[in-house]
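What follows is each chain in one-letter form.
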Amino acid sequence: MPYNPKIYVAGHRGMVGSAILRALSAQGYTNLITRSREQLDLCDQQQVRAFFESERPDQVYLAAAKVGGIHANNTYPAEFIYENLMIEANIIHEAWRAGVKKLLFLGSSCIYPRLAEQPMREDALLSGKLEQTNEPYAIAKIAGIKLCESYNRQYATDFRSVMPTNLYGPGDNYHAQNSHVIPALVRRFHEAKESSAPVVEIWGSGTPRREFLYVDDMAAASLHVMGLDKATYEATTEPTLSHINVGCGEDLTILELAYAIAKVVGFTGTIEFDASKPDGTPRKLMDISRLRSMGWTPTVGLEQGLSHAYADFLTSRRQ
């Protein structure tokens, strides 16, 4: 690779893409390419082809995706599968056509079966039924992994995949209905504190266990995996099992998470759970031994990360 490769970050306005952009800039990369959704529709093959033919990047971080929590996945399943499939197919195919040297595809822990053995190893992929509430999104992410693997097998490309656990932090989506659990609870507890509401009600039983990773740790892991030489990466993976889990290796219940967020926000009222609402997968803990063997571990703990997330939420409210 040249010393200062030309790098395209797809999805640079999103939480993960913006963190990757920050990490690249911090490491001294200056030849960075971005495009807003208004400038480049990643669902439009002709636009994506013209972009790659014009820019010819050396590396691509594919962080662009349509994402959301249980409510959003249940409400917009067609949008979740269509948009994610189109984004992946267009970028990966056109990256190959343009001779991109390295590509990193970012997936999701929801690719694993609903009742996968815990912690979830990479070889649990396609070993059982997916969680129904986000199956369309999961199918799209699995397709992204297999796209990378298929182009590697047929064309000897160097396209890699990382599967993050639940992410949170600066740049998150704090929408009242369509956000993930941490930003949703940060907003709900803050608004309850501001209005002196005595109770906050949360969907589900509170018993599912989830793992959370601060987004800047995810960005650091992405750069680490991208920076590995091809021989090292291939020695730790397989042609048809090439994705790498990224997480912190620890989980907690949604109930424990709720109390942790309430503490950070300063909400002192009562927390209640509505068990009539869906819980989702009972447990989602990543086995990150493959990534650890490659020399990377996370650095930001949950309490510190939640404090940063709340500060980011307050900043977003003022803007």
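Look up: the structure comes first, before these words.
Please read all numbers here as calculations on a predicted model, not as lab measurements. (Residues numbered from 1 in each chain as written. Predicted model: local features only at pLDDT ≥ 70, side-chain atom pairs only at ≥ 80, totals over all residues. Heavy atoms only, no water.)

(A) Up close: the sheet that holds strand β1 (residues 7-10). Spatially, β2-β1-β3-β4-β5-β10 is the arrangement adopted by the six strands of the open sheet, whose pairing is parallel. Of all the strands in the sheet, just β2 (32-33) and β10 (244-246) have a single pairing partner and so form its edges. Across the sheet, helix α5 (residues 135-155) touches β4 (102-106) and β5 (159-164), and the angle it forms with β5 is around 155°. (Pairing = 2+ DSSP bridges. Helix = DSSP H or I, 4+ residues; strand = E, 2+ residues; numbered from the N terminus. Contact = heavy atoms within 4.5 Å. Axes fitted to C-alpha atoms, helices over the stretch in contact; angles between N-to-C directions.)

(B) Representation of the sheet that holds strand β8 (residues 209-210) within the structure. Read across the open sheet, the three strands follow the order β11-β8-β13; overall the sheet is mixed. At either end of the open sheet lies a strand with only one pairing partner, and these are β11 (252-253) and β13 (283-284). Where β8 meets β11, two bridges bridge the pair, whose relative direction is antiparallel. In the sheet register, R210 faces β11, and the bridge partner there is L252.

(C) Quick peek at empty space enclosed by the protein. Summed over the entire model, instances satisfying the criterion amount to one cavity of 30 Å³ or more. Of the voids in this model, the largest cavity is the one considered here, and its volume is about 30 Å³. If you go around the largest cavity, the residues you meet are S109, C110, Y112, P113, E131, N134, T281 and K284. Along the lines of polarity and charge, the residues of the lining of the largest cavity split into three nonpolar, three polar and two charged. (1 Å grid on protein atoms, 1.4 Å probe; cavity = no way out; pocket = protein on both sides within 12 Å on 5 of 7 lines; lining within 4 Å. Points joined across faces, edges and corners; volume = space filled by probe spheres on them. Nonpolar A, V, L, I, M, F, W, Y, C, P; charged D, E, K, R; others polar.)

(D) Structural context of the environment of A309. The topology assignment puts A309 in helix α11 (residues 302-318). Its relative accessible area of 2% is what places A309 among the buried residues. When the C-alpha atoms of A309 and P113 are compared, they prove to be 29 Å apart, with 196 residues separating the residues in sequence. Contact partners of A309, with chain neighbours within four places excluded, come to Y168, G169 and Y174. (Buried < 20%, exposed > 50% of the residue type's maximum accessible area, 1.4 Å probe, protein only.)

(E) Region of the structure containing the pattern of salt bridges. Scanning the model with the defined rule gives 18 salt bridges in all. A salt bridge links D251 to R209; the shortest N-O distance between them is 3.3 Å. Here the residue D251 occupies a position in the loop between β10 and β11, and R209 occupies one in strand β8, the gap between them amounting to 42 residues. With relative accessibility at 14%, the residue D251 sits in the buried group. For R209, a relative accessible area of 28% puts it in the partly exposed group. Among the charged side chains, a network of salt bridges with common partners joins R49, E53, E94 and R97. (Salt bridge = Lys/Arg side-chain N within 4 Å of Asp/Glu carboxyl O.)

(F) Spotlight on the pairing of strand β3 (residues 59-62). Judged by which residues are buried, β3 turns out to be covered on both faces: Q59 and Y61 on one side and V60 and L62 on the other are all buried. By the bridge criterion, four bridges tie β1 to β3 in an arrangement that is parallel. Bridging across to β3, Y8 finds its partner in V60. Inspection of the sheet shows β3 paired to β4 by four bridges, in the parallel sense.

(G) Main features of the packing of helix α6 (residues 181-195) against α11. Across the interface, α6 lies against α11 with an axial gap of 10 Å and an inter-helix angle of 65°. Compared by their axis directions, α6 and α11 come out roughly perpendicular. α11 is crossed by α6, and the crossing has right-handed handedness. On the side of α6, the interface is formed by I182, V186, R187, H190, E191 and K193, while α11 contributes L306, Y310, F313, L314 and R317. Looking at the contact of α6 with α11 residue by residue, the classes come out as six nonpolar, one polar and four charged. (Parallel < 35°, antiparallel > 145°, perpendicular 65-115°, else oblique. Left-handed = near helix turned anticlockwise from the far one by under 90°.)

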